[in-house]
Amino acid sequence: MSATADVLVVGGGIQGCSSALQIARRGLKVILVEKNTAGRHASGVNAGGVRRLLRAAPEIPLAVASMRMWHDIAALVGDDCGFRVSGQIAVAEDAAGLATLEARAAEVRALGYEHEELVGRNELFEILPALSRHCVGGLVARDDGFASPYHTTMAFRRAAIAAGVDLREECRATGFCRAASIWRVETSSGAIEAPILVNCGGAWGGAVAAALGETVPLEPTAPMMMVTSRMPEFVTPVVIGVGRKLSFKQMPNGTVLIGGGHRGVPDTERDSSSVDFRKLITSARTVSDLFPIMREAQIVRTWSGIESRLPDDVPVIGPSSTEEGAYHAFGFSSHGFQLGPIVGAIMADLVTLGRTELPIEAFRISRF
Amino acid sequence: MFQRIDPGAAPGLRLDFEGRTISAEAGDTVAAALLAAGVGWFRETPVGNRARGPYCMMGVCFDCLVEIDGVPNRQACMVTVADGMRVRRQHGARDSA
Amino acid sequence: MSAWDAIVIGAGPAGLAAASVLAERGANALLIDEQPAPGGQIYRGIEQLAATRPGLLAVLGPDYAHGADLVQRFRASGAAYLPGSTVWQVTPEREVWLSGAGRSARHDAKAILLATGAMERPVPVPGWTLPGVMTAGAVQILLKSSGLRADAPLVLAGSGPLLYLLAQQCLAAGARLSAILDTTSAANERAALAHLPAAVVGGGLPYLRKGLQLRKAIAKGGVKWVRHVTKLRIEGTDAATAITFESKGRTERLPAALVALHEGVIPAQQMTRALGLDHSWDAVAQCFRPAVDAWGNSAIPGILVAGDSAGIGGARAAEHAGRLAGLEILRHLGRIDGAARDRLAASDRRGLAAHLAVRPFLDRLYAPPPDILRPADEVTICRCEEITAGAVRAVVAQGCQGPNQAKSFLRCGMGPCQGRLCGPTVTSVIAGALARPEAEVGYFRIRPPLKPVTLGELADMDAVE
């Protein structure tokens, strides 16, 4: 029994759901297959940062365009996704860190963007009154913020279904074959045929690409998070460390989320990952050094989930280099959440027009 | 609500609860001492500001959270009373929990 | 960091028995427990009670007094002991991370025995979160540890041996016990009879006799004992004031300032879940239990589980199971061979079988009522985050397929108790809403820290190996 569609999307994280949604809204029939449940992996477990701040240069135009969509996310998916414009700020602890931020500020200005501003000690401690006084400066993006990853992914999923996407969970793609300009994809619940394939497979996106004859050095990772019990409000923007791993935010309910990229151990066969507490000791020290008040914070939960990275820490976005009618968007290297809205728009452009206005050359799969 | 079967069986201690002195006996947990003194509720919840008292008395339910000697989120049923302890109620999200 | 032959977690009967046999036979054994003194919950406060309130021993009964022997043997065994210490992580590589007196530390061992016991099954009835509502175990702990008895009207509601034991202890202590509202159903009474012969033949007669004695003592006490009760509901605004229920087709209300709820005990599964052990659903006892063999071995080499946390069997069964696990660990350490283990284990294996003989009968008789497992929409099932059964059903209708998604969506299981109290109910509610078995629906993903630990304590730990 084979089903047919105009487009088959593999992967039900935010990239897949956003792509399926926006392609369907261009009038195409879309089937999405997700081997577990939507948002089960990276999209459901990340820190929820919605930022342009400190992105690699090639990502900046995409992040800027995506941020415009975030600021009206309810129009896109019918849900506010818990998006808060809290600002994001990178904090320098010493002269070397400050020099890094100054160079970055100059680079971003030279590219024509105004969203990242240097702040000196006075304004730094106005923005972050609980910050340790050894810190020397910061780089702030005032209209960046954060959202709720699971709610957001579920909102994209819901909107995709409402737009007519046939969204199949617990459905794993097991084989890819192209003949007479049609993809025939075997899945755990039957074959699906479509002229166009979109690979949003996340940590398994490399395996999908390999099935198309494209090898990509995709490395599964398991970034870890800690969350505390509720605390009195003491910090507003998301705080990013410079020179040490830290991403730190206080949620509206008072809990504090601590991430930053310390890695646990992923298991892509079993769809699970484990937390490495030795690294969390380092994370705890970083947090307490920057925010002494946090020494009293109680960690009530830790978690990790499966993401994946590429050696240059930017994703693959664009057409397949070996096959007609196939497009990739994976390998977001632990910062794909904010790009979800724009990636869906880019995929919809590529699928319907064969091209997109945004510069995606730096993300071509053939760079490997 | 509760009375001692055998008052004075264990040495007496005192603790301060919200500014008033409460008698306890050696070996009491803070939760037992408060209940013995007629204190029925220990905190208000962060979500709905509802009064809660101890439920399980064995460290599972986390409903008996109080502030002890300035440290919030202590399970009153898991802390043994020491003479002179200062115990305060926790109020919703305003304090902690 | 310290290295041990064996670490035992939990100082209840299983842990005490295991640590004793390990140390007696020369293993370098450490017993870790949260409480300040040994005994777990069932024998809680036994050393202090014997010293300060010996009169209370008669009130609590001979089963409790047996704990003194276990504790004495442990004290004499030479095992190392870390009371007042909370284990917040056990790794498959056999590391134990714990917190005590404001500091965290790491220990490792060639073998680890989890003996963390049971917890009371949550009893989500309307009004169960009101001050004045506690578990039967809580009221019993107040009696054991502080010599406190109820002097405001106390109603016991639910079913199970612990409820009747508590009733008898309350009467003996002179507490103001005003009623027992017994939810044991007529259907379960009939169904349990089929298991009675096996219970008697297998060695369960002492339990049955004890049960009858308890009932006689309670009847003699003249307490109002209402049978076949349904639709429990506790009333009050800021504290419990009354309890209503249905019996014989009529609704009744009783004043109650204190309500002790009880619908049996279930294995405490945070630690076994965090280790990633497989758990199976026990359809009669209506709870999950970890997969272990007859000696307590789990699928992870060197990690064993014994006592009520492996499956409810009661205190005496736990003691036997603890000794069996201890002997198995001695074999694993190479201190005794398989033949010696089997020889030394013979009487405990017989004892374990005898104490477990009555379980099928008890499990069937006291199986929890369906509306305790799957409460009505209005009932709060996550106490920490104040989430109702209806809210969970609503997100299932919107596409949530399991407890972890419900957790992500609603925050149920994300409060301070880390899902201990709501986990069983969330699983059952979702199973009902999806018409799928509990085994398929699964349970919350549990991760360390098993109990909250401060960032400062973590930061201060030695990062060095």
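Counting restarts for each chain: residues are numbered from 1 in the order of the written sequence. The naming scheme follows written order: chains are lettered A onward, ligands numbered 1 onward. The model is predicted, so local features are restricted to residues of pLDDT at least 70 and side-chain atom pairs to those at 80 or more, both for listing and for counting; the totals for chains, interfaces and linings are taken over all residues.

As for the confidence of the model for chain C
Rule in force here: A residue's pLDDT is simply how confident the predictor is in it, with values from 0 to 100.
When the pLDDT values of chain C are averaged, the result is 96; 99% of them are 70 or greater. Scoring the predicted complex yields pTM 0.94 and, for the interface, ipTM 0.96.

Details of helix α16 (residues 423-434) of chain C
All names here are of chain C. Stated formally: Helix and strand assignments come from DSSP, with helices taken as H or I runs of at least 4 residues and strands as E runs of at least 2, each series counted from the N terminus. In this scheme, a helix's expected span is set at 1.5 Å multiplied by one less than its residue total. With C-beta atoms placed from the backbone, the exposure class of a residue follows from how many other C-beta atoms lie within 10 Å of its own: 20 or more, buried; 12 or fewer, exposed; in between, partly exposed.
When the terminal C-alpha atoms of α16 are compared, their 16 Å separation across twelve residues agrees well with the 16 Å that a helix rising 1.5 Å per residue should span. For α16, the tally of buried residues reaches nine of twelve residues, placing the bulk of the element in the interior. Those residues of α16 that sit buried are G423, P424, T425, V426, T427, S428, V429, I430 and A431.

Quick look at the pairing of strand β6 (residues 103-114) of chain C
All names here are of chain C. Stated formally: Strands pair, by our definition, only if DSSP identifies at least two bridges between them.
In the sheet, strand β1 (residues 2-9) pairs with β6 via seven bridges, with the strands oriented parallel. Considered in β6, the bridge of V8 is made with L113. In terms of strand pairing, strand β5 (residues 95-100) meets β6 through six bridges, oriented antiparallel. The residue of β6 that forms the bridge with E95 is D108. Between β5 and β6, which pair antiparallel in sequence order, lie two residues; one of them, A101, sits at a positive phi of approximately 50°. Judged from the three bridges that link them, β6 and strand β20 (residues 303-305) form a sheet pairing that is parallel. By the bridge assignment for β20, L113 is matched with L304.

Things to note about the sheet that holds strand β13 (residues 230-235) of chain C
All names here are of chain C. Rule in force here: As a rule, the C-alpha atoms of each element are fitted with a line to give its axis, helices using only the stretch in contact, and angles between N-to-C directions run from 0 to 180 degrees.
Strand order in the open sheet formed by three strands is β13-β14-β15, and the pairing between neighbours is antiparallel. Edge positions in the sheet fall to β13 and β15 (250-255), since each has one partner strand and no second. Pairs of neighbouring strands in the sheet enclose a mean axial angle of 20°, with direction left out of account. In this sheet, β15 lies alongside strand β14 (residues 242-247) in antiparallel orientation, the contact comprising six bridges. In the strand pairing of β15, T244 is matched with R253.

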